[in-house]
Amino acid sequence: MKIMGIESSCDETAAAVVENGNKILSNVVVSQIDIHAAYGGVIPEIAARSHIEAIQPVIDKALSDASLTIENIDAIAVTHTPGLIGSLLVGTLAARTIAVINNIPFYPTHHLKSHIYANWLSGHQPEFPLISAVISGGHTQLIYMNRHDDFEIIGTTRDDAIGECFDKVAKILGLPYPGGPAISKAAESGNPNRYKLPIPKVDKLDFSFSGLKTAVLRSIQKELSLPITTPSHKLQELLTAQQVADFAASFQATAIKILIQKLKKANESYPAKSILLAGGVSANRALRDELQKTFSKTHQVYFPEPGLSTDNGAMVASAAYYSIQAGEKPTNPYELDISPRSTIH
Ligand code: KG4
Ligand code: ZN
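One structure accompanies this document, and this report is about it. (Residues numbered from 1 in each chain as written. Chains lettered and ligands numbered in written order. Predicted model: local features only at pLDDT ≥ 70, side-chain atom pairs only at ≥ 80, totals over all residues. Heavy atoms only, no water.)

1. Observations concerning the coordination of the zinc ion (ligand 2)
Then, in step 1: Every protein donor of the zinc ion (ligand 2) is listed here as H111 (NE2), H115 (NE2) and D311 (OD), and their distances to the metal cover 2.0 to 2.1 Å.
Then, in step 2: Linear spacing of the donor residues for the zinc ion (ligand 2) on their chain is H-x3-H-x195-D. On the criterion of helical spacing, the pair formed by H111 and H115 is a turn pair, its members being 4 residues apart in helix α4 (residues 111-117). The same class applies to H111 and to H115, which are both buried. (Donors = N, O, S within 2.8 Å, 3.2 Å for Na, K, Ca; no water. Helix = DSSP H or I, 4+ residues; strand = E, 2+ residues; numbered from the N terminus. Buried < 20%, exposed > 50% of the residue type's maximum accessible area, 1.4 Å probe, protein only.)

Below, the structure written as structure tokens:
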């Protein structure tokens, strides 16, 4: 079964064709990072306009890269929630139009579910039950799965998402957008033990990241012996490259510690055979290493292949495939519901 997956929930316009949930026939991603970098973050209106320009060529290329035509496609899957509403509108409208004109079964797909299914794209079949940490720019959730297409949210953030925290700390340090890769790179030459940052005390399996971002800011002000009213752009000018690297490394190590601690705790209440990472932050090399170190003796450990952690169409197609296998019926493209926020179910 060949499924076309279309993704436009944030700042990547993407389309892919995937066979039987795990064989990527094509995967085209046009990133708007360069456009948004000038503003230090995603501007929703610009994102939506850029999707309009890119969507048709991206879909055409996904078909031509796979040496297929639309007649060869058995199902169309598209991200319909959650995300930026203007961005979601572009991808869903394109997908609905293609589905209606060509009479192709249509499957709206939840974005977080797609991130989790990026782990099936490398040909692996993670064993259930599993715990997946969905860690991206917009989300931080621990999700327990007993079988395909069955999701229980067992932990979530009470404020900022972990990726948002990487992005905000990068901004404070004067590193470019998106902050995750920039922090990760700067941390390579930094000392993770130089600055002590607090681990927030949040009960259950929940997270809080807004305090960590503020703790970094306060720690920089203290390091430079400046009052807490000093704005971050003033601090950046005064930090040496080594201090930036040390702050990046100390922050990254703390964020990783928080996540690993919660995953260990989650596994006590929800014993799992596999531990998965999903979402943009799962690209983080230090996090992957720490996860392996902590769980590889007792669990199967998975993270997406390079390039499949961040938003792409292949993960959308894979998620839809396993939903179809689990019995999901196609949606009428005329009756699609799109929503900026929603929980996985
Ligand atoms: O999944 P994604 O592409 O979009 C959302 O659904 O949010 O995730 C983007 C997020 C950004 O916050 C970015 O800074 C973060 O993923 N990210 C990383 C890395 N690469 C991307 N965070 C930490 N380390 C990385 N290497
Ligand atoms: Zn995403």
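2. Brief notes about helix α10 (residues 285-295)
Then, in step 1: Buried within α10 are the following residues: L287, R288, L291 and F295. Within α10, the buried residues cover an arc of 100° as seen down the axis, which keeps them to one side.
Then, in step 2: Its buried side turned inward, α10 meets β6 (130-135), α9 (241-269), β9 (274-278) and β10 (300-302). (Arc of directions from axis to C-beta. Contact = heavy atoms within 4.5 Å.)

3. Details of the site of ligand 1
Then, in step 1: Around ligand 1, a shell composed of 19 residues is seen, among which G137, D167, G180, G280 and N284 lie nearest.
Then, in step 2: Side-chain polar atom of D167 to an oxygen atom of ligand 1: 2.7 Å apart, as the coordinates give it.
Then, in step 3: Within the complex, 89% of the 550 Å² of free accessible area of ligand 1 lies under protein.
Then, in step 4: Where the shell around ligand 1 is concerned, the elements lending two or more residues are α4, α5 (162-173) and α6 (179-187).
Then, in step 5: Within the shell around ligand 1, the residues separate by chemical class into 5 nonpolar, 12 polar and 2 charged.
Then, in step 6: In terms of domain composition, the shell around ligand 1 takes at least three residues from each of domain 1 (2-118 + 308-335) and domain 2 (127-303). (Near = heavy atom within 4 Å. Polar contact = N/O pair within 3.5 Å; in protein donor to acceptor, adjacent residues only side chain to side chain. Areas by Shrake-Rupley, 256 points an atom, 1.4 Å probe, with all protein chains shown as cover. Nonpolar A, V, L, I, M, F, W, Y, C, P; charged D, E, K, R; others polar. Domains from an automatic or database assignment.)

4. Concerning the sheet that holds strand β3 (residues 23-31)
Sheet strands associate in pairs through backbone hydrogen bonding, adopting either a parallel or an antiparallel arrangement.
Then, in step 1: The 5 strands are arranged β3-β2-β1-β4-β5 in an open sheet whose pairing can be described as mixed. Among the strands making up the open sheet, the edge pair consists of β3 and β5 (106-110). Averaged over all pairs of adjacent strands, the angle between strand axes in this sheet comes to 20°, irrespective of strand direction.
Then, in step 2: Where strand β4 (residues 75-81) lies against β5, 5 bridges are found, and the strand directions are parallel. Bridge pairing in β5 links T81 to H110.
Then, in step 3: Packed on one face of the sheet, helix α2 (residues 44-65) meets β1 (2-7), β2 (12-19) and β3 and runs near 20° to β2.
Then, in step 4: Across the face of the sheet, helix α3 (residues 85-102) comes into contact with β1, β4 and β5 while running at roughly 155° to β4. (Pairing = 2+ DSSP bridges. Axes fitted to C-alpha atoms, helices over the stretch in contact; angles between N-to-C directions.)

5. A closer look at the nonpolar core
Then, in step 1: With 50 residues, the main nonpolar core has L173, I220, F251, L263 and L291 as its most contacted residues.
Then, in step 2: Going through the elements one at a time, β6, β7 (140-145), α5, α6, α7 (210-223), α9, β9 and α10 are the ones with two or more residues in this core.
Then, in step 3: Top element by residues in this core is α9. It accounts for 12 residues.
Then, in step 4: Residue contacts for L291: discarding those within four places in its chain leaves I260, L263, I275, L277, S296, V301 and F303.
Then, in step 5: A118, V134, F151 and L276 belong to the second-largest nonpolar core, a separate cluster that totals 32 residues. (Core = buried A, V, L, I, M, F, W, Y, C linked by side-chain atoms within 4.5 Å.)

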